[in-house]
Amino acid sequence: TINNATYTKIGRSVQVNIYFTVNSNGTGSGKVKCTLPFTTNSDNASAGGGREIGYTGVGINTQAGGNAAYLTIAKYDGSYPPSGGYNFFTHTYIV
């Protein structure tokens, strides 16, 4: 569930800030996809990060490839994002 999402675009640089919750992982595994407000530049991959800020405090990694309309979100070890708390990340990329 997305609790809050904002972005700021200045020139070709876009910064995305998202708070989200995972109520239950169920059978989920791997990474979660998040649609970006603008497609990334074809020559630039990007990475960002954040934390779960409710219970565990574990790190979150974000990645977007070149010419991508989405980014992927995963726990620091590449597994599914943590459930039960609020997850926050910031990701900056070039369009």
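Below: a short report on this structure. (Residues numbered from 1 in each chain as written. Predicted model: local features only at pLDDT ≥ 70, side-chain atom pairs only at ≥ 80, totals over all residues. Heavy atoms only, no water.)

### Topic: a nonpolar patch on the surface
Together, Tyr19, Ile53 and Tyr86 give the surface a local cluster of nonpolar side chains, amounting to about 310 Å² of exposed area. On the secondary structure map, Ile53 appears in the loop between strand E4 (46–52) and strand E5 (59–64). A relative accessible area of 51% places Ile53 in the exposed class. (Patch = residues over 30% accessible without salt bridge, like charges linked within 9 Å, V, L, I, M, F, W, Y side chains within 5 Å. Areas by Shrake-Rupley, 256 points an atom, 1.4 Å probe, with all protein chains shown as cover. Salt bridge = Lys/Arg side-chain N within 4 Å of Asp/Glu carboxyl O. Helix = DSSP H or I, 4+ residues; strand = E, 2+ residues; numbered from the N terminus. Buried < 20%, exposed > 50% of the residue type's maximum accessible area, 1.4 Å probe, protein only.)

### Quick notes on the side chain of His91
By the element assignment, His91 lies in strand E7 (residues 86–94). For His91, a relative accessible area of 0% gives the class buried. Side-chain polar atoms of His91 contact the side chain of Ser46, separated by 2.8 Å. If near-sequence neighbours (up to four positions away) are discounted, His91 is found in contact with Val14, Gln15, Val16, Ser46, Ala47, Gly48, Thr62, Gln63, Ala64 and Leu71. (Polar contact = N/O pair within 3.5 Å; in protein donor to acceptor, adjacent residues only side chain to side chain. Contact = heavy atoms within 4.5 Å.)

It is worth stressing that arrangement in space is one thing and function is another; only the former is reported here.
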